[in-house]
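Geometric and topological summary
So the chains spell out like this:
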Amino acid sequence: MTAPRHVHDHDSGEGLISVEEARGRILASVAVLPSVQLPLRESHGCVLAGEVTAADDIPPFTSSAMDGFAVRARDVAASTPDRPIALTIAGEVTMGHRPEVAVPAGGAVRVPTGGVMPEGSDCVVPIENCLVEEGRVLVFQASEPGRYVRPAGEDARPGDVLVPAGRRLLAPDLGLLATAGRGSVRVHPRPHVAIFSTGDELVEAGTPAAEGQVPDANSVTLSGAIRETGAHPLQPSIVPDDPKSLREAMRSVSGVADVLVASGGVSVGELDPVRGAFLDSGDVDFYGVAMQPGMPQAFGIVGGKPFFGLPGNPVSVFVSFEVFVRPALLKMMGRNSLFRPEVTARLETDITGPREKTQFAGVWVRRKGDEWTAASTGPRQSNLMSTASRANGLAIIPAGVPGLRAGDRCTVMLFREIED
């Protein structure tokens, strides 16, 4: 990926690249992970690498759709509630076994729901339309051939496509594949993502923080965001502001990680570890994106693995992940839809910011009558994570627009389900 190496440390748009250009470069640099064979249960949520066809009839045998008696339709054609027809009970079908008896003329075989239809029968009379006496059954309702019978091959025939290539496997797909007798499938796997939080001031969330220290919120945010894509976050690492420590931490996961994500250390400071580790290596590009929050970014291929260097402020990390990392992970998993759903909403509050940058503002979206509305969830500072926690979407104000006023319409990227 070729990009400007230096980030301007001011609010003008000079030297910055657009969100679309940055995202396009990243997506062009990542590839779909090679397919692997996974057990069916482990493949949930993964994208099928090649179509699966039926090898046999589904279902494989003709079965009863009701508890009752398998009979010949012509034997009960004249049955009525007032004039039931008596049939001799010739035997019973046991679930999970081939019938040991056929239905003779004038006879019936008891059959459970899902049981194999015995030879000689062509319909089923439900048990509620029967009265069992000693050695025989009275049938109170006529039936026709095929009534309450599930034919073999009703769901699929040999050679039929069960699940097409490129389908993300969800519960019904897994059920169909299991029905077809498949125990494993070839899919594009979930990437394993290594997370590095850089900063001498960071401590593990939940442990006491001395004055000047702060809990590491970024790795927790990233772990959750990665899980939401379906990918696997590895155990995060807190790395001091030292380029050597970052390089060593990355080497330690080289055998298991498919993607590397670091937060903090991508600005212009002398102690920023990501810059110190990669600025002169040629592996990682440092560039400024015309967006707020999240202007300083880094991306490259390190040891064959995509590397994302994100800003350090928590809201910037969240927005950067949504805009850049999430689509890349989805592409690596073979997903066709890479981006969050968007709606057009009428703003209930003003949203302003630098005209030269695309603005991403946390908003709460809800339905009012026949339209969507969106209200700001708080101030725009990138260290105020509560504004993201209160939001269910990010209002997108394009570069070149100084801001929008209450009543204006705006595109909103949804990252949380809308609750009534």
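What comes next is a walk through the structure. (Residues numbered from 1 in each chain as written. Predicted model: local features only at pLDDT ≥ 70, side-chain atom pairs only at ≥ 80, totals over all residues. Heavy atoms only, no water.)

1. Structural notes on the nonpolar core
The criterion, for reference: Throughout this description, the term nonpolar core refers to a set of buried Ala, Val, Leu, Ile, Met, Phe, Trp, Tyr and Cys residues connected via side-chain atoms within 4.5 Å. Here's how the labels work: a residue is buried when its accessible area is under 20% of the maximum for its type, exposed when over 50%, partly exposed in between, all with a 1.4 Å probe on protein chains only. Secondary structure is summarised from DSSP: a helix means a run of H or I of at least four residues, a strand means a run of E of at least two, and numbering begins at the N terminus for each. Only heavy atoms enter the contact rule, under which two residues are in contact if any of them lie within 4.5 Å.
Counting 42 residues, the largest nonpolar core has Phe-308 and Leu-329 as its most contacted members. Looking at this core, the elements with two or more residues in it are helix H1 (19-29), strand S14 (192-198), helix H3 (217-229), strand S19 (259-263), strand S23 (305-310), helix H6 (314-332) and strand S28 (393-397). Sequence-distant contacts of Leu-329, that is, excluding residues within four places in its chain, are made with Pro-191, Val-193, Ile-226, Thr-229, Ala-231, Val-259 and Phe-321. The next biggest cluster of nonpolar side chains, apart from the first, holds 20 residues, and it includes Phe-196, Leu-246, Leu-260 and Val-274.

2. Side note on the packing of H1 against H6
For the record, the criterion: Axes here mean lines fitted to C-alpha atoms, for a helix over just the part in contact, with angles spanning 0 to 180 degrees between N-to-C directions. By the definition adopted for this analysis, an angle is roughly parallel if under 35 degrees, roughly antiparallel if over 145, roughly perpendicular if from 65 to 115, and oblique otherwise. Two helices crossing with the near one rotated counterclockwise from the far one by less than a right angle form a left-handed crossing, whereas a clockwise rotation gives a right-handed crossing. Gly counts as polar in this scheme, as do all residues outside two lists: the nonpolar Ala, Val, Leu, Ile, Met, Phe, Trp, Tyr, Cys and Pro, and the charged Asp, Glu, Lys and Arg.
At a minimum axis distance of 10 Å, the contact between H1 and H6 shows a crossing angle of 30 degrees. Relative to H6, the element H1 lies roughly parallel. The chirality of how H1 crosses H6 is right-handed. Only Val-323, Phe-324, Pro-327, Ala-328 and Lys-331 of H6 make contact with H1, whose side of the interface consists of Val-19, Ala-22, Arg-23, Ile-26, Leu-27 and Ala-28. The residue inventory of the contact of H1 with H6, partitioned by class, reads 9 nonpolar, no polar and 2 charged.

3. Digging into the side chain of Arg-72
Short version of the rule: Positive charges come from Lys and Arg alone, negative charges from Asp and Glu alone, with His and the N- and C-terminal ends not counted. In the sections that follow, a salt bridge refers to a side-chain nitrogen of Lys or Arg positioned within 4 Å of a carboxyl oxygen of Asp or Glu.
Secondary-structure assignment places Arg-72 in the loop between strand S5 (68-71) and strand S6 (85-92). Here Arg-72 sits buried without a salt bridge, and the closest side chain of opposite charge, Asp-75, lies 4.6 Å off (N-O distance). The contacts of Arg-72, once residues within four sequence positions are left out, are Val-103, Pro-104, Ala-105, Gly-120, Asp-122 and Cys-123.

4. Describing helix H2 (residues 171-179)
Here is the rule we go by: Each direction from the helix axis to a C-beta atom contributes to the arc, which is the arc of those directions.
Buried within H2 we find Asp-173, Leu-174 and Leu-177. Buried residues in H2, looked at end-on, bunch into an arc of 100 degrees, giving them a common side. Across from the buried face of H2, at angles greater than 90 degrees, the exposed residues are Ala-171 and Pro-172. Downstream of H2 by a residue or two, Gly-181 has a phi angle that is positive, lying close to 90 degrees.

5. Some words on the pattern of salt bridges
All chains considered together, the criterion is met by 11 salt bridges. Here Arg-167 makes a salt bridge to Asp-173, at a shortest N to O gap of 2.9 Å. Residue classification places Arg-167 among the partly exposed residues on the basis of a relative accessible area of 36%. Under the relative-accessibility criterion, Asp-173 is labelled buried at 11%. Between Arg-340 and Glu-228 there is a salt bridge, with its nearest N and O atoms 3.4 Å apart. Placement of the pair is Arg-340 in the loop between H6 and strand S24 (342-347) and Glu-228 in helix H3, with a sequence separation of 112 residues. Residue class for Arg-340 comes out buried when judged on its relative accessible area of 14%. Relative accessible area serves as the criterion here: at 53%, Glu-228 is assigned to the exposed category. Put simply, Glu-228, Glu-322 and Arg-340 are held in one network by salt bridges that share partners.

6. Digging into the sheet that holds strand S10 (residues 136-139)
Where we set the bar: A pair of strands is treated as paired once DSSP finds two or more bridges between them.
The strand order S8-S5-S7-S6-S10-S9 describes an open sheet built from 6 strands, whose pairing is mixed. Each edge of the sheet is formed by a strand with only one pairing partner; in this case those strands are strand S8 (123-126) and strand S9 (130-133). In this sheet, neighbouring strand axes are inclined to one another by 40 degrees on average, regardless of whether the strands run parallel or antiparallel. Alignment of S6 against S10, held across 4 bridges, turns out to be antiparallel. Paired with Thr-88 across the strands is Arg-136, a residue of S10.

7. With respect to the layout of surface pockets
Where empty space is left becomes clear once a probe the size of a water molecule has been rolled over the atoms. As a reminder, the rule being used: With a 1 Å grid spanning the protein atoms alone, the term cavity applies to any set of points in which a 1.4 Å probe fits but cannot get out, the term pocket to an open set with protein on both sides within 12 Å along at least five of seven lines, and the term lining residue to any residue with an atom within 4 Å of a point. Grid points are joined across faces, edges and corners, and a volume is the space filled by probe spheres set on the points.
Looking at the largest pocket, its volume works out to about 490 Å³. Here the residues of the lining of the largest pocket sort into 10 nonpolar, 13 polar and 5 charged. For the second largest pocket, the calculated volume is near 270 Å³. As for the second largest pocket, its lining consists of 13 residues, and the residues nearest its centre are Thr-221, Glu-228, Phe-318, Phe-415 and Arg-416. Mapped by element, the contributors of at least two residues to the lining of the second largest pocket are H3, H6 and helix H7 (386-389). The element contributing the most residues to the lining of the second largest pocket is H3, with 5 residues. Classifying every residue of the lining of the second largest pocket by side-chain character gives 6 nonpolar, 3 polar and 4 charged.

8. Quick look at the sheet that holds strand S1 (residues 36-39)
Taken in spatial order, the 3 strands of this open sheet run S1-S13-S2, and their pairing is antiparallel. Looking at strand neighbours, the two that pair on one side only are S1 and strand S2 (47-48), the edges of this open sheet. Where S1 lies against strand S13 (residues 184-188), 4 bridges are found, and the strand directions are antiparallel. Counterpart to Leu-38 in the pairing with S13 is Val-185.

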